[in-house]
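# Structural overview for review
Here is how the chains run, residue by residue.
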Amino acid sequence: MREWLQQFINKLIQINEKIETIATSKDTSKLRITLSVLWNLGLVFLILFLTGFVFVFSIGVGYFASLVKDEPLHTKEEMRKQIYNYEETSEMYFAGNIYIGKVRTDLDRQETTLDQVSPLLVQAVLATEDEYFYEHNGIVPKAVLRGLIQDFTNASTQTGGSTLTQQLIKNQILTNEVSYERKARELLLAFRLEHFMTKDEILEAYLNIIPYGRNASGRNIAGVETAAKGIFGVSAKDLNLPQAAYIAGIPQAPFAHTPYTQKGQLKSPEGLQPGIERMKTVLYRMKEVGYISEEEYQEALNYDITKDFKEPESQTLNYPYLTFEIERRAKEIMARVLAEKDGIDPKRLDEEENLYEKYIILADRDIRSGGYRIYTTIDKDLYDAMNNAAKEFQYYGHTFTKTEIDPETKQEVEVPLPVQVGSILIENKTGKILSFVGGRDFEITELNHATQAYRPNGSTMKPLLVYGPAIEYGVIGAGSPVVDVKFKYKGWAPTNYIQNEERGIIPARVALAHSQNLTAIRLYDQIIDRRPAELLKKMGFSKLTEGDFVNLATSIGALEYGTTVEENTNAFATFANGGKFIDAYMIDRIEDVDGNIIYNHTPEPVQVFSPEASYIITDMMRDVLEYGTGTRARSTLKFSSDFAAKTGTTQEYKDVWFVGYNPNISLGVWLGYDQPRTLYQFNNIYFQPSTRVNLLWATLMNAAYNVKPEFIGTKERFQQPKDVVHASFCGISGMAPSNACSNAGLVQNDLFIRKFVPSKVDNSFISSETRTVNINGESYLALDSTPSEFTYTSSGISLNKEFVDKLLGRLGGNPDKLLGKQSIQVASAKSFDADQVAPQPVNATIKGNVLSWSPSASNDVVGYRVYDLSDGGKKLIASVKSDTRSITVGKGKYGVVAVDITGLESAISNVQAGEPLQENPKDDHNENEQPNDNEQNETEKEENDQNHQ
């Protein structure tokens, strides 16, 4: 660079001297000034251009250096090994080292050598992909510059510009990641590879690794030998000109230009057209470069290439759902292994999308060509038995159909839309996935409904998010009362499965067994501030949103993005494991071609629930099978074991679930359509959706039992921890029994965590031992200091209104629905907050023989006392409750005081004088008899008592 710059400057000096000579001559004297100015301006602009060029060039070099600074310095041996890394396919195994088959290679490949490839194909490739292959050093600078300009200007037309060497680097060493860093590394490595391999070696490697679409069986292929045999049925060395041009044109868009569909069918004429047009483009390039003559070109254009395509061939893939699932999981594992090998924290792959995509591509390439041995946890016999049972099940439901246009053939086809199934069997203590059912038919959809289909989990959420946490927090025991009463909250009015049903106060275990929605939502409302959804996160629910943490509907399974059968079943296994979550896994270990273990699964248990809470919720879910929503499954089982289970149905019957477990295994089942629609069909062919899933769960469990009866049908039982105890409680309040609760016959006994056994005595009842008062028309509980003459006593038993309000909580509801058919009444009594200040006095008046007074201005008055103030004394002649403000009096002086709930009296009212009582000629009493004030007061008391009740 320095020498070139010096030569350039010397040349400028020579030019300047010549111009100076011309400018000083007599003939050009008139132009001297003009030329001098123009020349100097030219020099200024030239210097500015050179300075800018050097500046931009320096920045570019610096930026390029920064992009490749982390690229390791590959040795010749390393690079050649990576380039030739296309020889061995990895293998998969069931548990017990039983061979499954080879990992699918996206690119079926048969290796060949350059001398076994038709020269026509080599010329077609060079003319199309890299015209100056034998002249450049791995890169073409003008092509790189053109690509940069197109990128910076966001040009609508983007030309390739990558040499064969660059394409080889991208496919074998780097990835298809779109970034300047990857491109810079590609350029650097391409330039370096040209020093380590000959041109013919690079070309031969390229012809063996580049993708060429699909063959006649629909399998993806790579390499020209595989393409020639898979598309035309001939070897690469025997290709004619049109065939060679067709194959050379495929890599630009492999799946658009290939003549076959994914199912191995020949595309329609419209579908074949892009590949044929690309063939013509290749032929034109060959003519332009000079590889073929005009006559050869015209002859090839008129050639009917479609007659050479092979007839479609059937392809059979054993265990397709299993094969795809193993490959997917192996890639996830290898991505982290490779990242860690490169000194990158594998956790970054969960946080950085570009980094994740890069290593997934590298892992995919590594798994398919690295010759690994992948050992799984899948039990072959269990897998075969469960999938056969699922295939033969008769009660899935109606299969719909739809008509659509095949994207490859462009033809109209009828597509079946059956009820799909997802099921998984997990070994509790280890987390091993022993078997699964991925779907009804892999040909219909490749989606694995056991591991990858996310759906709302309905009522199977209740033990995980509501009852389990509520037990853990000490809010309830197994039989604690919960409320099954309708409510409206922010426009939401949920109902039970039976929409008009309200059972009132019922035991938690009964509510769970019958899957009552209202009880679950109300109970969740009591604990939602503790964010119990954090427990779901600990148990592997991978798509939780912030809304799932705060929405009440989450309690009945209304997850925003749903969950998978694997995640849901795995969470239930937590209860079987005494509260320890063990993440389910399928890949046990991976060995390299030399037998070295490069990955070995190690379980990492996480304590989510206590053993005590886990046992109690398990005991509650035993009832689901005993008398709840799972009785059909229990009656269909051909064996008995200590099972606990939960069913689930989502809105409009779009999904039905059944998850059950015993001490050894957990089995989860889901049914639903891929495009959600109701499973409920009004005909006599299929059972109700909830019955169907009961039957399917039992059918799959029976199939597993037939294979491993002692393991699946274990006689082991869940063991009750020492801190799980039976305790008595009031069935209305959940508190320690009171005499009133005992007298009502409402004492119950069930399981509690020892430290949460109810100790506070029940205060929910108003009984014959309970006194109340009336204040401003409202009933309140009397205080110990409240004078007895102003109180009422209950006849029978009723509930304290304060307790009722607390029971209904912020969601509210009709209190009359709480007690269902029980004879207990709901009273309006509640506590009163007394102020310990004497009440305000009243104003008395007398008319004839009737003394009356105004109400006290105080809000805590429970009654009034009337005093005879004759002869300077103060004699109590009457006590009346607050709803009475007049009595009949005789001759004398009288005053009235108000009495509050604490027993305090107001100041005496103004004094009033009475007249002698007048005779009533129509009265049957003796004319000398006087009405007895005590009798009158007693009569009023009885009437008031009756009105109160």
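Look above for the structure.
All values derive from a computational prediction rather than experimental measurement.

### Re the overall build of the chain
For the chain, the count of helices and strands is 29 helices and 34 strands. Taking all 949 residues of the chain together, the buried fraction comes to 50%. In the chain, the share of contacts with a sequence separation of at least 24, taken over all contacts with a separation of at least 6, comes to 70%. Carbon and sulfur atoms form 50% of the exposed surface of the chain, whose accessible area is close to 46300 Å².

### Re the pattern of salt bridges
In total, this model carries 40 salt bridges according to the counting rule given. We note a salt bridge from Arg348 to Glu352, for which the minimum N-O separation is 2.8 Å. Classification of Glu352 as partly exposed rests on a relative accessible area of 31%. Here Arg589 ties to Glu591 by a salt bridge, and the two come within 3.1 Å at their closest N and O atoms. Using a relative accessible area of 14% as the deciding quantity, one classes Glu591 as buried. Salt bridges linked by common partners bring Arg509, Asp619, Arg622, Asp623, Asp642, Arg717 and Asp750 together as one network.

### Looking at the sheet that holds strand S4 (residues 211–214)
Pairing is mixed in the open sheet, where three strands are placed in the order S3-S5-S4. Because the sheet does not close on itself, it has two edges, and the strands there are strand S3 (108–109) and S4. With two bridges connecting them, S3 and strand S5 (residues 220–222) associate as parallel partners. Pairing of Arg109 across the sheet is with Ala222, part of S5.

### Here we look at the environment of Ala898
Looking at the secondary structure, you find Ala898 in strand S33 (residues 892–900). Along the sequence, Ala898 and Val842 sit 56 residues apart, while their C-alpha atoms lie 7.0 Å from each other. Beyond its immediate chain neighbours, meaning those up to four positions away, Ala898 contacts Pro839, Gln840, Val842, Ser856, Val861, Gly863, Tyr864, Leu904, Glu905 and Ser906.

### Quick look at the pairing of strand S9 (residues 420–427)
Buried residues dominate S9, accounting for eight of its eight residues. In terms of strand pairing, S9 meets strand S19 (residues 665–672) through eight bridges, oriented antiparallel. Across the sheet, residue Val421 finds its bridge partner in S19, namely Leu671. Inspection of the sheet shows S9 paired to strand S10 (residues 433–437) by four bridges, in the antiparallel sense. Counted as the bridge partner of Ile426 is Ile433 from S10.

### A few points about the packing of aromatic side chains
The full count for this structure, using the stated rule, is 30 aromatic pairs. Centre to centre, the rings of Phe643 and Trp697 are 5.5 Å apart; their planes meet at 80°, and the pair counts as edge-to-face. In this pair, Phe643 sits in the loop between helix H24 (631–636) and strand S17 (644–649) while Trp697 sits in helix H25 (residues 689–707), placing the two residues 54 residues apart along the sequence. Residue Phe643 shares its accessibility class with Trp697, and that shared class is buried. Cluster of aromatic residues (ring-pair linked, three or more members): Phe639, Phe643, Phe658, Trp697 and Tyr705. The ring of Tyr297 has Lys287 sitting right over it, with the charged end atom 4.7 Å from the ring centre. The residue whose ring lies beneath Lys881 is Tyr792, and the NZ or CZ to ring-centre distance is 5.0 Å.

About the cut-offs
Along each chain, residues carry numbers from 1 onward, in the same order as the chain's sequence is written. Local features are withheld for residues below a pLDDT of 70 in this predicted model, meaning they are given only at 70 or higher, and side-chain atom pairs are given and counted only at 80 or more; totals for whole chains, interfaces and linings count all residues. No hydrogens and no water enter the side-chain calculation; it runs on all heavy atoms of the structure. Think of it this way: any DSSP run of H or I at least four residues long counts as a helix, any run of E at least two long counts as a strand, and we number them from the N terminus. Exposure categories follow from relative accessible area, calculated using a 1.4 Å probe and restricted to protein chains: below 20% of the type maximum is buried, above 50% is exposed, and the middle band is partly exposed. By definition in these notes, contact holds between two residues if any of their heavy atoms fall within 4.5 Å. Accessible surface area values rest on a Shrake-Rupley calculation with a 1.4 Å probe, where residue burial reflects the displayed protein chains alone. For this document, the term salt bridge refers to a Lys or Arg side-chain nitrogen within 4 Å of an Asp or Glu carboxyl oxygen. Note on pairing: DSSP must find at least two bridges between two strands before they are called paired. Pairing of aromatic rings covers Phe, Tyr and Trp, the last counted by its six-membered ring, and requires centre-to-centre distances within 6.5 Å; plane angles under 30 degrees mean stacked, over 60 mean edge-to-face, and any other angle means tilted. Either the NZ atom of lysine or the CZ atom of arginine qualifies as a charge over a ring when it sits within 6 Å of the ring centre and within 35 degrees of the ring normal.

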